[in-house]
Amino acid sequence: MRPGYVASQCRKPIWPRRDMELEHEGGVQVAVKVGADGKVIKTAVQLSSGFPNLDDAAEAGLKNCIFKPGTVNQQAAAMWTTVFYSWTASESGALGNEWRKILRTAEEGNAAALYMFAMLQLGVKETRENGMKMLKLVADAGFPMAEYELARHYEGGECTKGDQEAAEQWYAKALSHGDPLARERARLLQNAANDTP
């Protein structure tokens, strides 16, 4: 039996006023350990926006979320998931100077910037298809966070058709590249296998 997927439905955290005034923006990815009761146990910033206040606001907002917990052998269990927030300085959602800098860095081939831009596109209904293509490109290039995130999307059927075989292949690639959440997932799989009669 494989561990079940953690699902989230959280609202965006409140933008720190000072950062809004300074037009700070960017993306932040937070790893979240969700308990069997759906409450957040622990958070850790995996990919920073470059602005500590935005990173802190994302973590603080997530601590108030309730998740649908993942399962092991059909029982709710504590496990990690990821949440990506994109901060835009404009109320219309138009990208400002910081996002344009990230885009330029992505165009130069920076994997973290490419990943951040893919995640930004995945968060907008109209650009999800392109975001999935970009995420796949970054994963194909061997960026562990992208490999793990692509596996999650395949497993949960988010922004793509669910495909358990593809999910397991991408989890294995992320694990081989040292992704800590892939390592935790492998541990859960091993525990689930050991508990199966």
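Residues numbered from 1 in each chain as written. Predicted model: local features only at pLDDT ≥ 70, side-chain atom pairs only at ≥ 80, totals over all residues. Heavy atoms only, no water.

### Points about the side chain of histidine 153
Now for step 1: Looking at the element boundaries, histidine 153 is found in helix α6 (residues 144-156).
Now for step 2: Classification of histidine 153 by relative accessible area gives buried; the value is 4%.
Now for step 3: A distance of 2.9 Å separates a polar side-chain atom of histidine 153 from the backbone oxygen of glutamate 149.
Now for step 4: Residue contacts for histidine 153: discarding those within four places in its chain leaves Leu122, Met132, Leu135, Glu158, Cys159 and Thr160. (Helix = DSSP H or I, 4+ residues; strand = E, 2+ residues; numbered from the N terminus. Buried < 20%, exposed > 50% of the residue type's maximum accessible area, 1.4 Å probe, protein only. Polar contact = N/O pair within 3.5 Å; in protein donor to acceptor, adjacent residues only side chain to side chain. Contact = heavy atoms within 4.5 Å.)

### Overview of the side chain of glutamate 184
Now for step 1: Tracing the backbone shows glutamate 184 in helix α8 (residues 180-195).
Now for step 2: We classify glutamate 184 as buried; its relative accessible area is 16%.
Now for step 3: A polar contact of 2.5 Å, which involves the side chain of glutamate 184, links it to the side chain of arginine 187.

### Re the nonpolar core
Now for step 1: Among the nonpolar cores identified, the biggest contains 34 residues, and Tyr115, Leu135, Ala146 and Leu150 are the most heavily contacted of them.
Now for step 2: Looking at this core, the elements with two or more residues in it are β7 (79-87), α3 (97-107), α4 (111-122), α5 (128-140), α6, α7 (164-176) and α8.
Now for step 3: A per-element tally of this core places α4 first, with 8 residues.
Now for step 4: For alanine 146, the contacting residues outside a window of four places in its chain are Tyr115, Leu135, Val138 and Ala139.
Now for step 5: In this structure, Phe51, Ala58, Cys65 and Phe67 belong to the second largest nonpolar core, which totals 15 residues. (Core = buried A, V, L, I, M, F, W, Y, C linked by side-chain atoms within 4.5 Å.)

### Here's the deal with the pairing of β7
Now for step 1: Of all the 9 residues making up β7, 8 are buried; the element is thus mostly covered by neighbouring parts of the structure.
Now for step 2: Sheet analysis places strand β2 (residues 26-34) next to β7, joined by 9 bridges and oriented antiparallel. What sits directly across from valine 30, in β7, is valine 83. (Pairing = 2+ DSSP bridges.)

### Thoughts on the packing of aromatic side chains
Now for step 1: In the structure shown here, the tally under the stated rule is 4 aromatic pairs.
Now for step 2: Where tryptophan 99 meets phenylalanine 117, the ring centres are 6.1 Å apart and the plane angle is 70°; that geometry is what we call edge-to-face. Within this pair, whereas tryptophan 99 is found in helix α3, its partner phenylalanine 117 is found in helix α4, the two being separated by 18 residues in sequence.
Now for step 3: Judged by centre distance (5.7 Å) and plane angle (50°), the ring pair of tyrosine 115 and phenylalanine 143 falls under tilted. Linking tyrosine 115 in helix α4 with phenylalanine 143 in the loop between α5 and α6, this pair joins segments that are 28 residues apart in sequence. For the pair shown, tyrosine 115 and phenylalanine 143 are each scored as buried.
Now for step 4: Positioned above the aromatic ring of tryptophan 170, the side-chain terminus of lysine 173 is 4.2 Å from the ring centre. (Phe/Tyr/Trp six-rings, centres within 6.5 Å; stacked < 30°, edge-to-face > 60°. Lys NZ or Arg CZ within 6 Å of the ring centre and 35° of its normal.)

### As for α5
Now for step 1: An ideal rise of 1.5 Å per residue puts 18 Å on 13 residues; α5 measures up with 18 Å between its terminal C-alpha atoms.
Now for step 2: Restricting attention to buried positions, one finds in α5 the residues Gly131, Met132, Met134, Leu135, Val138 and Ala139. All buried residues of α5 project into a common sector of 165° when viewed along the axis, lining one side. Of the exposed residues in α5, those oriented more than 90 degrees away from the buried face are Glu129 and Leu137.
Now for step 3: At its buried positions, α5 is contacted by α4, α6 and α7.
Now for step 4: Glycine 142 occupies a position one or two residues after α5 and carries a positive phi of about 90°. (Expected span 1.5 Å × (residues − 1). Arc of directions from axis to C-beta.)

### Some words on unusual backbone geometry
Now for step 1: A positive phi is found at cysteine 159, a non-glycine position, where the angle reads about 60°.
Now for step 2: Note on placement: cysteine 159 falls in the loop between α6 and α7.
Now for step 3: When its relative accessible area of 34% is taken as the criterion, cysteine 159 is described as partly exposed.

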